[in-house]
Amino acid sequence: MGNQSSRISDLLVHALNNLSQGDFKRFKDKLSHSALKGKGNIPRGCLDNANRIDTKNLLMKFYGGEAALDVTIDAFTQIDLRDSAAKLREGKEKGYRKKYKDDVKNKYEVIQNMMSLTTDNVILNRRYPKLIILDDPHHAKEREHEIMAMSQRDKEIKTKQACSAVTIDTLFTRDKQGQTPQIVVLLGAAGIGKTMTTRKIMCDWAAGELYKKKFDYVFYINCRETNLTEQGSVVDMIFKNWPNTNAPVNEILMKPEKLLFIIDGFDELRFSFDQTENLCSDPWEKKPVEIILSSLFRKTILPQSYLLITSRLTALEKLLQCLECSRYAEILGFSEADRKEYFHKFFGNKTQARQALQFVKANDILFTMCFIPIMCWIICTVVKQQLEKGEDLAQTSKSVTGVYMLYLSNLVKPLSSNLKQHMQANLRGLCSLAAYGIWKRKILFEEAELKKFGLNQADSFPLSLNKNIFQKDIDCVNAYSFIHLSFQEFFAALFYVLEEDEETMEDSGTPKKDVKTLLENYGNSRNYLMLTVRFLFGLLNEEIMQIMEEKFSCKISPKIKPDLLKWVQTNQQKYLPLSNVDQETCRIYNLEEFHCMFEMDEENFVKSALDHVTALTLDSNKLTQMDQMAFSFCVKNCHRLESLCISYCTFAFGDHGEDVLPRRQKWLYQIQHWDEPKHSPIYLLCQVLKDPHCKLKKLKLQYCCITGAACGDLAAVLRTNQSLTELNLNGNPLGDSGVQQLCEGLKHPSCNLQRLWLEGCHLKDTCGRDLAAVLRTKQSLTELEMCRNYDLRDTAVQQLCEGLKHPNCKLQRLILNRCNLTDACCGALSSVLSTSQTLTELVLGYNKVGDPGVQLLCEGLKHPNCRLQILNLPLCELTAACCGDLASALSTNQTLTELNIGGHSLGASGVQRLCEGLKHPNCKLQKLGLWSYDIIADLNAGDSRAMVLCGGLRFVSCDLRNFL
């Protein structure tokens, strides 16, 4: 209070000292004659001989601190000292902001460590590590399809639209189109760090380290708490953030463009947001909270203000109904370096941190789970407990459900039979409360609700378990909540699998244990029940059932397992095609059932669930490492799987975070970690494909941003998987270094690959030598497709031809469209045509082959050893001059049945020469592609010569038996 009074005193003295003597006299005169702000006036006798200090004291004494400033500003305005009024008002507002920032800093810089058994407080910036946040302007529509829709998604989600890294300080900067977003939606999975990030923003803004010039005020709105409020206004939300009831609301609202409202936990709101009418525009107007929030979202109230909204991905569809022109970003969690940093921050002790990290890194599943901050919290807590107790770390679980169960069980010490019975009753009460909350969409519970389920906060769990699982809400003192929504979802799932007891069965207040209804509702909504259903599967794992019985003397009933199996099978049937073609191809649009089966971790269950599937297709997904683990686990146990197609997917957030670092930081990171083993993004999948029981025949990984770094893992698959016959890597930037590694696998005696697609793989001239070495040794390879490698050029093809001419080479199809080839490589190809006894199809379309190139190719076609059946040369810069060579080849070659030279202006004379070859008795050609713009123009004009020459050649291919 003293500091506040001193600040106001300084502001008044400074303002009065800046007045001229004449202005000061006029100011005193105004004070003595006017009841400013309705507060009366200072007697004239007190002001006559008062100097500036005396006048300041009179103002403070007569009106009080804040009011003295208001009166002075009002007086300045009335005597037309507007600059002085503005400066004093600005000084007053700075004071308000400083006071508010100080309060925000005190409130948010310390967090309670919910995962600590002592629930001690920690400094936010000492515990908060950097999180990877990706920005995607197409994110909303993509996620709407990915999370909610069951139909096939738009194929325009290409790698060129891939996300780019952002930080919290760049969320409100201009995008690539030069637009500054007013609304930013920060998405993320459960426990990924959304709330912690908002606390970090509040703390850093208050400290002057973030948005210093951007926002004068930042207000935090907790959606969990908002559910308890029926009516209110935007002003009420501001008052709730203010440290006392004296918030200068009018001054704050004068600059709406300087306000940021953080709305944390949109997915926790129970409102539908269907109403688009009756919205409000007055920040003082009181209305139902749903209307107030909807008005903020739809920009009918304070349209110039800024919003930052956090939400789980599952609530995105509902959020999209309210927003337009928003920026979407997603928190992906910790990079590998951040995980290491977090371990060291958590343990403090270097030796313990190193030991814990070494153990967790040895377990791929555990280390992967640590990319989610709350899982990192729990795993560190569990490992620390085990280290302190001297227990074997190997017992740490390998699933999310298992880690939650281990955390829970580590909080319980051996109990007497009486205490154990009491704990069982309270455990059932917690489970019932959690399920009740899930169905009612409640996260905060009042004391009456606790009592309804037989819970007493003082002893709801013995031995301090209550404060580590269930707590009095910090921001809402009259309500209680689970320490994290995911814990409520865990206990809700446990409610459905715990064996019944008589009391529970007779309690009418307890939700019904109808698993079918739970699964049906989840299937219809695909949103808030997601994690509960995953936990439901995980709790039926044999090891977890055993822990439950040993630690809590409660039995988990496996009787719902057939219901879960039927549910998975029914959902998979939905993805099967309606046509008779590929009846057993299962097209996956989300991986939710795969995550559920991964949580259960029971191979026989997965084999039964996927028994009918022989082909899997996964399109347009961003695959986190957890996604990859779940998907790989199910692929491994899909024992009839023969074909796997993954298209337009990104293997987001690999083991290393250096991909999103600036260049210099990336270089430093690589130096620091040069000796550590690195896994490629598809490492987990390749481990499954190397399994001796894997019978996969076809593998497609198209347009998945796979680089050469992944080719070592693919090569290992080629060396070990003897059933794989087709590999499609189209659209991935593998580069020559990647192909070099692939070739090492292809040359292995165990590799039986027959078809290899490398379209658009950024190949250059040095890859030809490596592929030639494969062709010389691998007799199983019959098809090689290398289209759209614009830097491949003639040198690579010349090197490739050395392998094609080798007697061991059995290649039948070679496709080289759009590779920037010229006639310089045609001599080598001609040599292949005259040598190879297996090559039957050669495709060179959209290259600069030209007439000289065709002349060289025709020399090979005329050779008696040539076995070519199909030659494709569309748009190869040909003229009528090449037609004589082609006619000569047609009259000689005994095998060519299809020729495509469409897209050229050959003219009537060129076509006439061709016809001479076509009429020859030795010509075996059946199809001729001769589409040409000038011929089509002549036909449209009714040119009789074109009609005679071309007959039915209006199409790319025509049957020559009808033509000649």
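As the structure is a computational prediction, the values presented were derived from the model and not from experiment.

Okay, the overall build of the protein chain next. Broken down by element type, the protein chain carries 44 helices and 26 strands. For the protein chain, the proportion of its 964 residues judged to be buried stands at 57%. Residue pairs in contact within the protein chain that sit at least 24 positions apart in sequence constitute 78% of those at least 6 positions apart.

Here we take up the environment of lysine 92. Assignment of secondary structure puts lysine 92 in helix 6 (residues 82-108). By relative accessible area, which is 3% here, lysine 92 ends up buried. When the C-alpha positions of lysine 92 and leucine 11 are compared, they lie 7.6 Å apart, and in sequence the two are 81 residues distant.

Confidence along the protein chain averages 81 in pLDDT terms, with 80% of residues attaining 70 or more. Scored below 50 in pLDDT, residues 137-163 makes 64 contacts in the model with residues more than four places away or belonging to other chains. Between residues 577-584, whose pLDDT stays under 50, and residues either more than four places distant or in other chains, the model counts 11 contacts.

Our focus in this paragraph is unusual backbone geometry. A positive phi angle is found at serine 620, which is not glycine, with a value near 50 degrees. Assignment of secondary structure puts serine 620 in the loop between strand 15 (615-619) and helix 31 (625-636). With phi around 60 degrees, glutamate 877 is a residue other than glycine that occupies positive phi space.

Taking burial as the measure, the six residues of strand 10 (residues 306-311) include six buried ones, the bulk of the element. Of the two faces of strand 10, the one lined by Tyr306, Leu308 and Thr310 and the one lined by Leu307, Ile309 and Ser311 are each fully buried. Two strands pair when backbone bridges link them, and strand 5 (residues 183-187) and strand 10 are joined in this way by five bridges, in the parallel orientation. Looking at strand 10, one finds that valine 184 is bridged to leucine 308.

Tracing the backbone shows serine 335 in the loop between strand 11 (327-333) and helix 15 (336-347). The class of serine 335 is buried, set by a relative accessible area of 5%. Within polar-contact distance, the side chain of serine 335 engages the side chain of aspartate 338 at 3.0 Å.

We now examine the packing of aromatic side chains. Inspection of the entire model under this criterion finds 38 aromatic pairs. Judged by centre distance (5.8 Å) and plane angle (80 degrees), the rings of phenylalanine 172 and tyrosine 211 are edge-to-face. Linking phenylalanine 172 in the loop between strand 4 (164-166) and strand 5 with tyrosine 211 in the loop between helix 9 (194-206) and strand 6 (217-222), this pair joins segments that are 39 residues apart in sequence. Taking relative accessible area as the criterion, phenylalanine 172 reaches 5% and is therefore assigned buried.

This part takes up the packing of helix 2 (residues 21-33) against helix 5 (residues 65-78). At their nearest, the axes of helix 2 and helix 5 sit 10 Å apart, and the two run at 115 degrees to each other. Taken together, the axis directions place helix 2 and helix 5 in an arrangement best described as roughly perpendicular. The two elements helix 2 and helix 5 cross, and the hand of that crossing is right-handed. Facing Phe27, Lys30 and Leu31 of helix 2, the residues of helix 5 in contact are Val71, Thr72, Ala75, Phe76 and Gln78. Taken together, the residues that form the contact of helix 2 with helix 5 break down as five nonpolar, two polar and one charged.

You can see serine 608 is positioned in helix 30 (residues 603-609). You can call serine 608 partly exposed: its relative accessible area is 35%. Between the alpha carbons of serine 608 and lysine 566 there is a distance of 9.8 Å; along the sequence they are 42 residues apart. Dropping the residues within four chain positions of it, serine 608 is found in contact with Leu565 and Gln569.

Attention now moves to the packing of helix 40 (residues 883-890) against helix 41 (residues 907-918). Relative orientation and spacing of two packed helices are given, respectively, by the angle between their axes and the distance between those axes. Where helix 40 meets helix 41, the axes come as close as 7 Å, and the angle between the chain directions of the two elements is 10 degrees. Our classification of the angle between helix 40 and helix 41 gives roughly parallel. Taking contact as the criterion, the partners of Cys883, Gly884, Leu886, Ala887 and Leu890 in helix 40 are, on helix 41, Gly910, Arg913, Leu914, Gly917 and Leu918.

Moving on: the pairing of strand 17 (residues 698-702). Relative to strand 17, strand 16 (residues 643-647) runs parallel, the two sharing five bridges. If you follow serine 643 over to strand 17, its bridge partner there is lysine 698. Note: strand 17 against strand 18 (residues 726-728), three bridges, orientation parallel. Across the sheet, residue lysine 700 finds its bridge partner in strand 18, namely asparagine 728. In terms of handedness, the path from strand 17 via helix 34 (residues 711-720) over to strand 18 forms a crossover that is right-handed.

It is worth spelling out the pattern of salt bridges at this point. Oppositely charged side chains are able to pair whenever their charged atoms sit close together. Summed over the entire model, instances satisfying the criterion amount to 27 salt bridges. In this structure, aspartate 23 engages arginine 26 in a salt bridge whose closest nitrogen and oxygen atoms are separated by 2.9 Å. With aspartate 23 and arginine 26 both in helix 2 and three residues apart, this pair spans about one turn of that helix. The exposure class of arginine 26 is partly exposed, given its relative accessible area of 38%.

What follows deals with helix 13 (residues 289-297). Along helix 13, eight of the nine residues are buried, which leaves the element largely enclosed by surrounding structure. Among the residues of helix 13, Val289, Ile291, Ile292, Leu293, Ser294, Ser295, Leu296 and Phe297 are the ones counted as buried. Lysine 299 sits one or two residues past helix 13 and shows a positive phi near 65 degrees.

Of the residues making up helix 36 (residues 767-777), those classed as buried are Cys767, Gly768, Leu771, Ala772, Ala773, Val774 and Leu775. Contact partners of the buried residues in helix 36: helix 35 (735-746) and helix 37 (793-804).

Along the polypeptide, phenylalanine 347 turns up in helix 15. By relative accessible area, which is 7% here, phenylalanine 347 ends up buried. Between the C-alpha atom of phenylalanine 347 and that of cysteine 380, which follows or precedes it by 33 residues, the distance is 8.0 Å. Excluding its chain neighbours within four sequence positions, the residues that come into contact with phenylalanine 347 are Gln352, Ala353, Ala356, Cys380, Val383, Lys384 and Leu387.

Here the focus is the side chain of lysine 318. Its location among the elements puts lysine 318 in helix 14 (residues 316-320). Buried charge without a salt bridge: lysine 318, with glutamate 290 as the nearest opposite-charge side chain at an N-O distance of 8.1 Å. Of the polar contacts made by the side chain of lysine 318, one reaches the backbone oxygen of phenylalanine 271; its length is 3.0 Å. Contact partners of lysine 318, with chain neighbours within four places excluded, come to Phe266, Leu269, Phe271, Ser272, Phe273 and Arg441.

The rules behind each value
Residues numbered from 1 in each chain as written. Predicted model: local features only at pLDDT ≥ 70, side-chain atom pairs only at ≥ 80, totals over all residues. Heavy atoms only, no water. Helix = DSSP H or I, 4+ residues; strand = E, 2+ residues; numbered from the N terminus. Buried < 20%, exposed > 50% of the residue type's maximum accessible area, 1.4 Å probe, protein only. Contact = heavy atoms within 4.5 Å. pLDDT = per-residue confidence, 0-100. Pairing = 2+ DSSP bridges. Polar contact = N/O pair within 3.5 Å; in protein donor to acceptor, adjacent residues only side chain to side chain. Phe/Tyr/Trp six-rings, centres within 6.5 Å; stacked < 30°, edge-to-face > 60°. Axes fitted to C-alpha atoms, helices over the stretch in contact; angles between N-to-C directions. Parallel < 35°, antiparallel > 145°, perpendicular 65-115°, else oblique. Left-handed = near helix turned anticlockwise from the far one by under 90°. Nonpolar A, V, L, I, M, F, W, Y, C, P; charged D, E, K, R; others polar. Right-handed = clockwise from strand over helix to strand, strands pointing away. Salt bridge = Lys/Arg side-chain N within 4 Å of Asp/Glu carboxyl O. Lys, Arg positive; Asp, Glu negative; His and termini not counted.

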